[in-house]
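If you want the building blocks of each chain, they are given just below.
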Amino acid sequence: AARDAVSLFVQLVKASVGNRLGLVSFSTAASSPPDFAIAPLTPARKTALIGPAPYSGGAVGLLTPGGMTSIGDGLDKGHLQIPAPVTNPRTILLMTDGLQNTFPFIADREGLLTGLDLHAIGFGSAANLDGAILSGLASRHNGVYVRAGGALALEKYFSHAFGYIFETGILMDPEFELAANQADGAPQQFDVCGEDAITVVAGWDDLTSLAYLEVTTPGGTTITQASAGIQGSRGRTWTFLRIPLPYSGERDGTWTVTLLRPGGRKVTAAALPSLPALRYFINVVPSGGPRLARVADGHHYYTGDPINPLVQLRYDDGGWPRGAKAVLTASRPDAGAGNLLSKETLGPPATLNGDTIPARQATLMALEQKLGHPVVGYTEQTFALGDDPLNSGGRFEPAGIFGKPILDLLTMEGTYTFHYKATYGDTCTATRELLSSLHRDVG
């Protein structure tokens, strides 16, 4: 799952335009020399990183799990690959599926990250991640932390990371299910308003399946990977189309994207029973236009604390679109790990592929195995955000900043995921979305 997610990220990054990319892996210690030294990204270096189609080889394909976990050493070796401060932004994208348990720790090396942005992806459940450390690390370094509970979410969040680091975020981010007897997904609409390009990304959860994208312009022109002027690619569990705008004279308006099986709309009825069910996502990543980002908040929250989850919708020049609105859907845990453990006998630490799992997390993992599902479930609640002084933290005039003081959201320890969606424009409308996970400790 991690290899496929990284291969999607690498293939999404534009080659031969000045972008630089490097790779450092870590377990008991970080790779030294790095798995892939940072250098200007070219098609040849992409092949060295992820191999030829379906992009499951190269340096990424050689990565294997095992050993202890020193996230701090990974950050140390990663920061050494990034040149001293320059005009261009410098970013680390961190992915971990475990708890740090080997020196150096994050706290030992975080001082080296001054001036760097950092986004973090945690892969797994509350039983194997330290959400408090990861969410705090990303927040302090101008980044976003998200927890991916499964392979499909992991791939989606690497696509998000591409949007956050190299483009202007995410325009649309739905998930769907395609039944075993369906040849194509339901058409999904999205609006474009002044963007310079869009990258439409899809990922699915079955290695034995193939799929491709079909995009329709506001005027009805159909775009596929074979269309003139379109960049596209397909891996084992993902595909994308990059569409420069305007395309054939079209830009603003309502576009449509559809996920299709091989054969597309020409799949015969006899072939339908052989098609497996799919879970899939579609992301639309915009180039140009405003960016939706969290307002920096260094406060450490505990259960019972009020929170105002502020976000800002801004252009790179500091301006903001008029007439914007924003909503937040908060996903919160329905049980606390501490409460669950108080009903269980704390077991001993465990060992997994040479990695030591502390007693608390080992007991949670054993409980998950016994139940057959994660010990913590999640419920959702939606809030309308405002840009008036009451909601925006006391700002007297609208400034593209939205929020809402919420008194009773943080009722349980664990990881909360905030899904923001902003809409803007009058005659020409568009959207931006942002996902961010935050951990809350017991008060």
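Thresholds, definitions, all that
- Residues numbered from 1 in each chain as written.
- Predicted model: local features only at pLDDT ≥ 70, side-chain atom pairs only at ≥ 80, totals over all residues.
- Heavy atoms only, no water.
- Pairing = 2+ DSSP bridges.
- Helix = DSSP H or I, 4+ residues; strand = E, 2+ residues; numbered from the N terminus.
- Phe/Tyr/Trp six-rings, centres within 6.5 Å; stacked < 30°, edge-to-face > 60°.
- Core = buried A, V, L, I, M, F, W, Y, C linked by side-chain atoms within 4.5 Å.
- Buried < 20%, exposed > 50% of the residue type's maximum accessible area, 1.4 Å probe, protein only.
- Disulfide = S-S within 2.5 Å.
- Contact = heavy atoms within 4.5 Å.
- Axes fitted to C-alpha atoms, helices over the stretch in contact; angles between N-to-C directions.
- Parallel < 35°, antiparallel > 145°, perpendicular 65-115°, else oblique.
- Nonpolar A, V, L, I, M, F, W, Y, C, P; charged D, E, K, R; others polar.
- 1 Å grid on protein atoms, 1.4 Å probe; cavity = no way out; pocket = protein on both sides within 12 Å on 5 of 7 lines; lining within 4 Å.
- Points joined across faces, edges and corners; volume = space filled by probe spheres on them.
- Salt bridge = Lys/Arg side-chain N within 4 Å of Asp/Glu carboxyl O.

Engineer: How should I be thinking about the sheet that holds strand β16 (residues 311–314) in this particular structure?
Structural biologist: In sheet architecture, strand pairing relies on hydrogen bonds along the backbone and comes in two forms, parallel and antiparallel. Strand order across the open sheet formed by three strands is β15-β16-β21, with antiparallel pairing between neighbours. What marks the edges here is a single partner per strand, and that holds for β15 (291–294) and β21 (401–402). Judged from the two bridges that link them, β16 and β21 form a sheet pairing that is antiparallel. Bridge assignment links V311 to a residue of β21, and that residue is F402.

Engineer: Help me out: how do you make sense of the sheet that holds strand β7 (residues 188–192) in this one?
Structural biologist: A sheet is described by the order of its strands in space; here four strands give the open sequence β7-β13-β9-β10, paired in antiparallel fashion. Strands at the two margins of the open sheet, each flanked by one partner only, are β7 and β10 (222–223). Pairing of β7 with strand β13 (residues 253–260), which is carried by five bridges, proceeds in the antiparallel orientation. Considered in β13, the bridge of Q189 is made with T256.

Engineer: I'm lost on the packing of aromatic side chains in this one. Help?
Structural biologist: Two numbers describe a pair of aromatic rings. These are the distance of the centres and the angle of the planes. Taken as a whole and assessed by the stated rule, the structure comprises eight aromatic pairs. Through successive ring pairs, a cluster of aromatic residues spans F9, F158, F162 and F166.

Engineer: Hey, could you run me through the nonpolar core in this one?
Structural biologist: Here is a general trend for soluble globular proteins: nonpolar side chains tend to be buried in one another's company. In this structure, L49, L409, F418 and Y420 are the most contacted members of the largest nonpolar core, which totals 61 residues. Considering each element in turn, this core owes the most residues, eight residues, to helix α7 (residues 151–166). With 26 residues, the next largest nonpolar core counts A202, V215, I230 and I243 among its residues.

Engineer: Mind showing me how you'd approach the state of the cysteines here?
Structural biologist: By definition, a disulfide links the sulfur atoms of two cysteines through a covalent bond. Scanning the entire structure with this criterion turns up one disulfide. Across a sulfur-sulfur distance of 2.2 Å, C193 and C428 are joined as a disulfide pair. Here C428 lies in the loop between β22 (414–424) and β23 (430–440) and C193 lies in the loop between β7 and β8 (197–204), a separation of 235 residues in the sequence. Each member of the pair, C193 as well as C428, carries the same accessibility label: buried.

Engineer: Can you help me understand the side chain of T256 in this one?
Structural biologist: Inspection of the secondary structure puts T256 in strand β13. Residue T256 is classed as buried on the basis of its relative accessible area, which comes to 19%. Those residues in contact with T256 that lie beyond four places of it in its chain are P187, Q188, Q189, F190, E214, V215 and T216.

Engineer: Explain the packing of helix α1 (residues 2–12) against helix α2 (residues 43–50) here, please?
Structural biologist: Two measures define how a pair of helices packs: the angle their axes make with one another and the distance between the axes. Across the interface, α1 lies against α2 with an axial gap of 10 Å and an inter-helix angle of 175°. Here α2 runs roughly antiparallel to α1, going by the angle between their axes. In this structure, α1 uses S7, V10 and Q11 to contact α2, whose residues at the interface are K46, L49 and I50. The residue makeup of the contact of α1 with α2, split by class, is three nonpolar, two polar and one charged.

Engineer: Would you mind showing me how to read the layout of surface pockets here?
Structural biologist: It is a probe the size of a water molecule, rolled over the atoms, that shows where empty space is left. Here the second largest pocket is characterised by a volume of approximately 590 Å³. For the second largest pocket, the lining is made up of 24 residues, of which D117, N142, Y164, R291 and A293 are closest to its centre. Secondary-structure elements contributing two or more residues to the lining of the second largest pocket are β4 (117–123), α6 (131–140), α7, β15 and β16. The leading source of residues in the lining of the second largest pocket is β15, at four residues. By residue class, the composition of the lining of the second largest pocket is eleven nonpolar, seven polar and six charged.

Engineer: Please clarify how the pattern of salt bridges should be interpreted in this entry.
Structural biologist: Where charged atoms from two side chains of opposite charge come close, those side chains can pair. This structure, assessed with the given rule, holds eleven salt bridges. Of the charged contacts, one joins D73 and K77 as a salt bridge, the two residues approaching to 2.7 Å between their closest N and O atoms. Here D73 and its partner K77 are both found in helix α4 (residues 71–81), four residues apart, which amounts to about one turn of the helix. Overall, D73 belongs to the buried group, its relative accessible area being 8%. Among the salt bridges present, the one from K156 reaches E175, with a minimum N-O distance of 2.6 Å. One end of the pair, K156, is in helix α7; the other, E175, is in strand β6 (residues 175–178), with 19 residues separating them in the sequence. You can call K156 buried: its relative accessible area is 5%. On the accessibility criterion, E175 (40% relative accessible area) is partly exposed. Residues joined by salt bridges that share partners form a network here, namely K156, D173 and E175.

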